[in-house]
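Next come the chains, spelled out residue by residue.
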Amino acid sequence: MGKVYEDREKSPGERAQALLAELSLEEKMAQLSCIFPFGENYQDMDQLAEEMPYGIGQVSTLEMRRIETLDGAAAWQRSVQETVMRQSPHHIPAIFHMEGLCGPFIQEGTSFPSGIARGAGWDSELEERIGGAVAAQEAACGITHILAPVLDISRDSRMGRQGETYGEDPALASALGTAYTRGVQTTETGGRKPESVAKHFMAFHNSQGGIHGTNSDTPPRLLEEIYGRPFQAAIAEAGLKGIMPCYNSIDGEPASVSHHLLTGILREKMGFEGLCISDYGGISNAHTVQRIGETMADTGLLALEAGMDMELPRAVGYAEGLREKFCAGEADIGLLNRTVLGILEAKFRMGLFEHPFALEGESLRSYFTGTEAESLSLRSARESMVLLKNDGVLPLPAKVRKLALIGPHADCARKFFGGYTHLCMMESVYAAANSIAGVEESQESRQIAQDQVRRVPGTAIQSDEAEVFERILHRQKPECRSLLEELRARVPETEIIYAYGYPIAGSDQSGFEEALRAVQEADLVILTLGGKHGTCSMASMGEGVDASDINLPECQDYFIERAAGYGKPMIGVHFNGRPVSSDAADRYLSAIVEAWNPSETGAQAVTDVLLGAYNPGGKLPVSVAYHAGQIPIYYNHPNGSAWHQQESIGFVNYVDLPHTPRYCFGHGLSYTRFSYRDLCIAKKEIGASEETQISCVVQNTGEREGEEVVQLYFSDCYSSMTRPVKELAGFRRVSLRPGESVRVVFTLRASQTAFLDKDMRWKVEKGEFALEIGSSSEDCRLRGTFRITGDEWINGAQRAFYADTACEEVPRTGR
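Calculation notes
Residues numbered from 1 in each chain as written. Predicted model: local features only at pLDDT ≥ 70, side-chain atom pairs only at ≥ 80, totals over all residues. Heavy atoms only, no water. Helix = DSSP H or I, 4+ residues; strand = E, 2+ residues; numbered from the N terminus. Buried < 20%, exposed > 50% of the residue type's maximum accessible area, 1.4 Å probe, protein only. Phe/Tyr/Trp six-rings, centres within 6.5 Å; stacked < 30°, edge-to-face > 60°. Lys NZ or Arg CZ within 6 Å of the ring centre and 35° of its normal. Pairing = 2+ DSSP bridges. 1 Å grid on protein atoms, 1.4 Å probe; cavity = no way out; pocket = protein on both sides within 12 Å on 5 of 7 lines; lining within 4 Å. Points joined across faces, edges and corners; volume = space filled by probe spheres on them. Nonpolar A, V, L, I, M, F, W, Y, C, P; charged D, E, K, R; others polar.

(A) How the structure looks around the environment of P219. Mapped onto the elements, P219 comes out in the loop between β6 (198-201) and α8 (220-227). Using a relative accessible area of 45% as the deciding quantity, one classes P219 as partly exposed. Residues P219 and I250 lie 31 residues apart in sequence; the distance between their C-alpha atoms is 8.5 Å.

Now the structure itself:
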């Protein structure tokens, strides 16, 4: 008769309980841990076997980035999993994990635009499909922990990882992050059911000085109301099953060892029931950097007691010292049993005991060829484009005799790919210096002589303009065109003069002379602007690559000023993980397109926008500061703060800058026009447990088909606590033909207005609320009010996080 844990008719919990009862202490400890096949020995199965004599809980798949074929990547997973199960006395399979933000690190996998680019798309339906596409490809290769979405709220452009986030707003991040999670966790591939691991729990981007992983000065109310909201939404609405804490200390405790955060808030308040896994080196960082615990084993026990289930990428805190504590009775064996039970239940839930191995042959390839993933990437890249400024020069006229294309991104498709793409991670193998937390320098990096590293002139940034990096692109994405190649293919009748012009950073002007000649000869000029959002020493921003200057580099600003002297129309296309901010660009450029990091279809998406084949409809997911001195700057600031401070006391601006942003949250232009009319508030008075519908008619009154992001904001007119001046309640991206109208309907629940009262209880408070609907946080076209008639204290885990939306047809009338 078979074992209970082998009975597929039993629930994952029942099977896990039965298996747990048979495990030795050593087998249990192995389930808490991870192996990290890395460097030149990542394929050495004998060495891996020595590292896990009792099997293992997790396997890092970072080195799949090196494997040059899809079949090879899948074969590697099968080989590692076979080794894991052979070493485990009960043949327990491992969970394989991989980043998921921008797609898999697998040959032939689809790469997607950066998180902030997708935030600029304001498209929840698309984000759910992207989550599903990423999960399907990774699960086909045996990976069931998808390390995404990134649910961080970003209010600081100095922080190098801003480009991974959905932006500054908790409602936007909640809607998109919940959609991505749902896409991942409703996917099934080869019998496996992958699960999302959301990161970085929480207030990661509220770090001191915008520096990666530093102390996060985040008070409790801000922590839960703003930084916790996207996590709570994904847990409550999509059943999020994975959490990765941040590196920061919050209120004196590193997140990785904080019982208050990982149990008190995450599990008890938020109702989380999945696995909490450490960021790479998070537990050891708490000991060696944040100086927590007298020994590493002490720190490991603190993490386990806090609610950290598994340690990545290797066992350091969850190693022999912790095992000895259990042997000696210094640690509660019940704690270990509860933790291992959750890990085993997750593995049964994922289908790993029945389907532990990557697919093969045509079954495998069917998830990578002929799928919708590439079209989703193109759609996302297009939707992410934000037209910040346009005096009418865009779209480009049908006939341009001579066009100058200038800038370091113009003939380098690699710069379309942001941090946490496959290409970026493979580039990091050749970095002269590493900045990825918890990851050692590669063998290739160690062989690079520092005095032979080519730098971007005048900076410490390693130049990526070398043949080794081009080979990576040609291997991974052989059909990926540069902007120069795309334009030449699409407008063959136009003479395109290309010049490098200036680098991604610094003040070097050595390329100015050639580029200015191109400007002088041309009828129209396109400048690619910005830095390199990537990783390690060849990036100007990325993980661990932060900056005090958020503006365009000096060389680019100065070139714009010089080129303006020729009087030619100039268009700027900006690529980076933070938004463009430049006085010179504002003053001299005729149009500015924020392109972020559009990934593998970037050239097509940008060219579509320039030529008018696609009408841009993206909206900024962040407020853009003029200068780092304004940080933090965000639209939903408390009453009496930022540019609403002057209503209280003091001058309306700094002595040298305005208080207002350069570009406001939600801003984005179009090649057409949209009108708003007929505001309807279904119920102007609702109880604390009720809802109302707010709707309006939006019409395309221009000559081109276009997309508009309709935005609903509310503000609590008077409250018992200081509340934001306004908050995004909901949004809907709509596509309209010329003359077409649609009624956009928002369902706003009273619980969405809830806040933490003076006793830190979630309260829906009676009173009047102002409503605004419009095209951005500052371009509001319709206004109204509604009232909540009574107070109610609620379970915050059950509140609403963003308004549901729907569209209703409006009969078309003559124009």
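(B) The arrangement of the packing of aromatic side chains in detail. Under the counting rule described, the total for this entry stands at 16 aromatic pairs. Here F769 and F786 contribute two aromatic rings whose centre-to-centre distance is 5.3 Å and whose plane-to-plane angle is 20°, an arrangement assigned as stacked. In this pair, F769 is assigned in strand β27 (residues 767-774) and F786 in strand β28 (residues 780-788), connecting sequence segments 17 residues apart. For the pair F769 and F786, one class covers both residues: buried. Ring pairing ties together the aromatic residues W122, Y635, F665, Y713 and F731, which thus form one cluster. The ring of Y634 carries R155 above its face, with NZ or CZ at 3.5 Å from the centroid. For the cation-ring pair, R799 lies above W762, with the distance from its terminal atom to the ring centre recorded as 3.9 Å.

(C) Local environment of the sheet that holds strand β22 (residues 706-716). Taken in spatial order, the 5 strands of this open sheet run β20-β28-β27-β22-β23, and their pairing is mixed. Every interior strand has two partners, whereas the edge strands, β20 (685-686) and β23 (727-736), have only one. The pairing of β22 with β27 spans 6 bridges and is classified as antiparallel. Paired with Y713 across the two strands is E772, which belongs to β27.

(D) The arrangement of empty space enclosed by the protein in detail. Following the criterion strictly, the structure yields 6 cavities of 30 Å³ or more and no others. Estimates place the volume of the largest cavity at around 210 Å³. Considering the residues around the largest cavity, the lining is formed by 21 residues, among which E99, L147, Y280, Y420 and I436 are closest to the centre. Counting residues per element, the ones that place at least two in the lining of the largest cavity are β3 (95-99) and β6. In terms of residues, the lining of the largest cavity owes the most to one element, β3, which gives 3 residues. Taken together, the residues of the lining of the largest cavity sort by class into 12 nonpolar, 4 polar and 5 charged.

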